[in-house]
Every structure is written in C-alpha cells, then in structure tokens.
Amino acid sequence: MKPKLPNREPFAHLPTRIERLSRLSQHLGGPKLFIKRDDQTGLALGGNKTRKLEYLTADALAQKCDHLITTGAPQSNHCRQTAAAAAHFGLGCSLVLRGEAPANFTGNLLLDQLLGARLYWTGDRPEFEVINEVTSQVRNMGHKPYIIPLGGSNVIGATGYVVAMEEAMVQFNNMDLNFDFIIIASSSGGTQAGLVVGAKAYSYQGRILGISVDHKGEVLKTRVEALSLATASYLGLEGFSIEDIVEVNDDYLGEGYGIMGDAEREAIQLVSRLEGILLDPVYTGRAMAGLIDLIRHGKFSEGQQILFWHTGGTPALFAYADELI
Ligand SMILES: Cc1ncc(COP(=O)(O)O)c(C=O)c1O
C-alpha cells in the first residue's frame, strides 16, 4: 500500500548521492560502508531538516501563514534550515533558542542572522513559554504564525523521510545494493520515524539503527514508535505495525548533548582524512563514532553492507573549532 502524500514544496537537491566509503571500510576492516549524502540537500548548507521542511512549508503556505516560528539549541541545524526556508518563500522567521546568547555568534548562529531570522533566548525559562510569547507578538504585528516543533518532528515533517526511503530504494535497486543496516543519528526522532514508515511502505528488508544523540534508549524508542504510528496513520497506511522495527542504541551519549568527546573527534578526523567528507560534532560525529565502535566490537560481519545516512550539521564545526584538532 502506498502512502497518500500531502503537498510538497520541492526545493531540496534530490536525490542525494550514495557513495562508497572504500578507504574507511578498508581502514576499519569488516563490513562494506556506504554513505547517503543528506548533508548535501542544498538548503543553506543542507541537512536532514530540508526534507522535512519541504512538507512543513507547503503546509504553512497552504494555511496562508507568513511567519515561521521554531525552537532548538543555539547551534540548531533545524533552526538554520527553517530560517533559510522562510527566506526562500519571503516569510518571516523567529527562532527560540535554548539558554543565553553566547559571546561569539558563529556556525549556525551566524547563518541564522545572515538568513534574517529574529533570535529569542529562553534563559532559564521553559521553551513553550517563550514560544507562546513570540507567537502572540507575531500575531499582534498582524502576521499569521506557523509553529514548527523541535526538529520539525511531527507527522508532516517525518513525511519527508518516508519519501526519502522511496528515493533510497530506487538507488539501492539501480546500484544493486542490499543493505543489512541503515545507521542514522537520532534525536527528536522524526528522521528515524519517517525512515521506519518508509521502510515498510517501500519494502526495505534490512534494519534501521538509530544512534541516540541525547536521549535514553527507551525514551527515544517510545517517541519514534509513537511518531511512526502517527505518521503511518496520517499517510493512510492501514495495518501499519511497528513490531520490533524501531531499534535504538544509547551507548554513545558521552558527556551529554553537544559535548564533543574523543570518540566524536576521532570519527570526524577519520572520515575527513580518509574520505574527504565532513561530519558534525553533535549528531553525525557521534553516530559515526558509534558505528566505528560497533565495527571494532565485531557487531557486523565482513560481507555485510552498511549505509551511514549523513544527516548534515557541518556548519556547527566552526563553533567547535578549538576542540577539533
Ligand atoms: C545533523 C543532524 N543529524 C541528525 C539529527 C536528528 O534528527 P531527528 O531530530 O529527526 O531525530 C539532527 C536534528 O537536529 C541534526 O541536526
């Protein structure tokens, strides 16, 4: 059964390439590694939120909204891509960012400003309180706000990754690839939920493993399962069941969200130097560190094929300049 898809604004650069990671595979030994380049989705330096925003902006425009509001960490890739999508359509954009304004606006924060977003800091207040305030202000100025949740992770955003799975399946067939595992960095869960629903809808036979970036495994698994079910229902996929298909690994949380340790640094350096591909310090560096560790512990056999789905985030590298080398 095929999903009934909502409207889409097709601004992403798709399909993103699948490339062989020959030198990294050789260096690590074991399975054959590939990468899907969603760091190259094209929207103001790309990343996974671009696919979600194709559907979220289509919904905002259909509702005649003229101002996007969203929230995230100071180095949020989701906020940067939302600001870019807003600029692309001539919409206003307000970003509610966690904590206090830093002394140095670099990485994604620099780009948020360049893209014309208005920034609000929560300090120690709960995010929803500041979002409500900003929403009222936007309304009082005569605008119609559209609120996008953290990470764009609702059923509309996750649809972007249901469709991404269809794109990937065509590539797998054309390239004669048969992946045993897809590995992704998982946080607010929308990417993984979309892929899981897409895997069922388009008959992907392998497994999908989310490396948790910030949540305990049970918390993330429950969230991804709930969003998968809701997304399947939103897309009219009857009889969708999640059984054991949501797999999450929380062994690589390190010192916590956004804290880059030795494992992330090693992963970023290895992939840069062996493949000429940049990962990010918060999400893909952590997920790749997890994949490397799993390979070193013999989790995968020699003949297996693994797809690392690169979800972007590279602008944050500049905010970690002092810790990377
Ligand atoms: C670069 C990058 N990778 C992965 C993720 C995780 O995606 P999701 O929030 O859909 O789980 C994010 C989320 O912000 C991200 O910015």
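Heads up: these notes are all about the structure in this document.

What counts and what doesn't
- Residue positions are counted from 1 within each chain, in the order its sequence is given.
- Local features in a predicted model are, by the rule used here, given only for residues with pLDDT of at least 70; side-chain atom pairs are given and counted only at 80 or more, and totals for whole chains, interfaces and linings are based on all residues.
- Computation of side-chain values: all heavy atoms of the structure, hydrogens and water removed.
- Only DSSP runs of H or I covering at least 4 residues are called helices, and only runs of E covering at least 2 are called strands; the numbering of each starts at the N terminus.
- Radius of gyration means the value over C-alpha atoms here, while the globule rule gives 2.2 Å times the residue count to the 0.38 power.
- Only protein chains enter the accessibility calculation, which uses a 1.4 Å probe. A residue is then buried if its area is under 20% of the maximum for its type, exposed if over 50%, and partly exposed in between.
- Strand pairing is assigned whenever DSSP detects at least two bridges linking the two strands.
- Lines fitted to C-alpha atoms define the axes, with helix axes restricted to the stretch in contact, and inter-axis angles between N-to-C directions lie between 0 and 180 degrees.
- The length a helix should cover is 1.5 Å for every residue beyond the first.
- Residue contacts follow a heavy-atom distance rule, with two residues in contact if any of their heavy atoms lie within 4.5 Å.
- Within 3.5 Å is the distance limit for a polar contact, defined as a pair of N or O atoms, with the added protein rule that one can donate a hydrogen and the other accept it, and that residues adjacent in sequence qualify only through two side-chain atoms.
- To be near a molecule or strand, a residue needs just one of its heavy atoms within 4 Å of it.
- The Shrake-Rupley method, run with a 1.4 Å probe sphere, supplies the accessible areas, and residue values consider only the shown protein chains as cover.
- Call a crossover right-handed when, viewed with both strands pointing away from you, the route from the first strand across the helix to the second goes clockwise.
- Only Phe, Tyr and Trp rings are paired, with Trp represented by its six-membered ring, and only when their centres lie within 6.5 Å; those with planes under 30 degrees apart are stacked, over 60 edge-to-face, the remainder tilted.

Turning next to the overall build of the protein chain. The helix and strand inventory of the protein chain stands at eleven helices and ten strands. Its C-alpha atoms give the protein chain a radius of gyration of 19 Å, near enough to 20 Å, the size a compact globule of 325 residues would have. The dimensions of the protein chain, computed from C-alpha atoms along their principal axes, are 60 × 50 × 35 Å. For the protein chain, the proportion of its 325 residues judged to be buried stands at 57%.

Looking now at the sheet that holds strand β4 (residues 92-97). Taking strand neighbours across the sheet as the criterion, the four strands line up as β5-β4-β3-β6 in an open arrangement whose pairing is parallel. The outermost strands of the open sheet, each flanked by one partner alone, are β5 (118-121) and β6 (145-147). Within this sheet the neighbouring strands show an average axis-to-axis angle of 25°, counted without direction. Sheet analysis places strand β3 (residues 67-72) next to β6, joined by three bridges and oriented parallel. Within the sheet, the bridge partner assigned to leucine 68 lies in β6 and is tyrosine 146.

For helix α3 (residues 77-89), with 13 residues, the first-to-last C-alpha span of 19 Å sits near the 18 Å given by 1.5 Å per residue. With respect to burial, α3 is a largely interior element, ten of its 13 residues being buried. Restricting attention to buried positions, one finds in α3 the residues Asn77, His78, Cys79, Arg80, Gln81, Thr82, Ala83, Ala84, Ala85 and Ala86. On the buried face of α3, the contacting elements are α2 (49-62), β3, β4 and α4 (107-114). Capping the start of α3 is the job of one residue whose side-chain oxygen sits 3.2 Å from the backbone nitrogen of histidine 78: serine 76. In the stretch just after α3, glycine 90 is the one whose phi turns positive, near 70°.

Near the ligand there are 16 residues, and of these Lys49, Lys52, Ser188, Thr191 and Thr311 occur at the shortest range. At a separation of 2.9 Å, an oxygen atom of the ligand approaches a polar backbone atom of glycine 189. For the ligand, an oxygen atom lies 3.4 Å from a polar atom in the backbone of glycine 190. In isolation the ligand offers 390 Å² of accessible surface; the protein chains occlude 97% of this area.

A word on the sheet that holds strand β1 (residues 18-20). The sheet built from six strands is open, its strands ordered β1-β2-β10-β7-β8-β9 with mixed pairing. On the outer flanks of this sheet lie β1 and β9 (247-249), each paired with one strand and no other. Across the sheet, the mean angle separating the axes of adjacent strands is 30° when strand polarity is ignored. Of the pairings in the sheet, the one linking strand β2 (residues 32-37) to strand β10 (residues 305-310) comprises six bridges and is parallel in character. Among the inter-strand pairings, isoleucine 35 is bridged to a residue of β10, identified as phenylalanine 308.

Of all six residues making up strand β8 (residues 207-212), five are buried, and the element is well covered by its neighbours. Relative to β8, strand β7 (residues 181-186) is paired through six bridges, and the arrangement is parallel. Counterpart to alanine 185 in the pairing with β8 is isoleucine 211. Read as a crossover between parallel neighbours, the route from β7 over helix α7 (residues 190-201) to β8 is right-handed. With helix α8 (residues 217-234) bridging β8 and the parallel β9, this β-α-β connection has right-handed handedness.

This structure, assessed with the given rule, holds eight aromatic pairs. Taking 5.3 Å as the distance between ring centres and 80° as the angle between the ring planes, the aromatic pair formed by phenylalanine 34 and phenylalanine 179 counts as edge-to-face. Note that phenylalanine 34 is positioned in strand β2 and phenylalanine 179 in the loop between α6 (155-175) and β7, a separation of 145 residues in sequence. Pair check on accessibility: phenylalanine 34 and phenylalanine 179 agree, each one buried. Taking 5.1 Å as the distance between ring centres and 75° as the angle between the ring planes, the aromatic pair formed by phenylalanine 181 and phenylalanine 300 counts as edge-to-face. Of the two residues, phenylalanine 181 sits in strand β7 while phenylalanine 300 sits in the loop between α10 (284-296) and β10, which places them 119 residues apart along the sequence. On the accessibility criterion, phenylalanine 300 (7% relative accessible area) is buried. Aromatic ring contacts, followed pair by pair, group Phe34, Phe172, Phe179 and Tyr204 into a single cluster.

Here we take up α8. An ideal rise of 1.5 Å per residue puts 26 Å on 18 residues; α8 measures up with 25 Å between its terminal C-alpha atoms. Those residues of α8 that sit buried are Gly217, Leu220, Val224, Glu225, Leu227, Ser228, Thr231 and Ala232. The secondary structure elements touched by the buried residues of α8 are α6, β7, α7, β8 and β9. Glycine 236 sits one or two positions beyond α8 and adopts a positive phi of about 70°.

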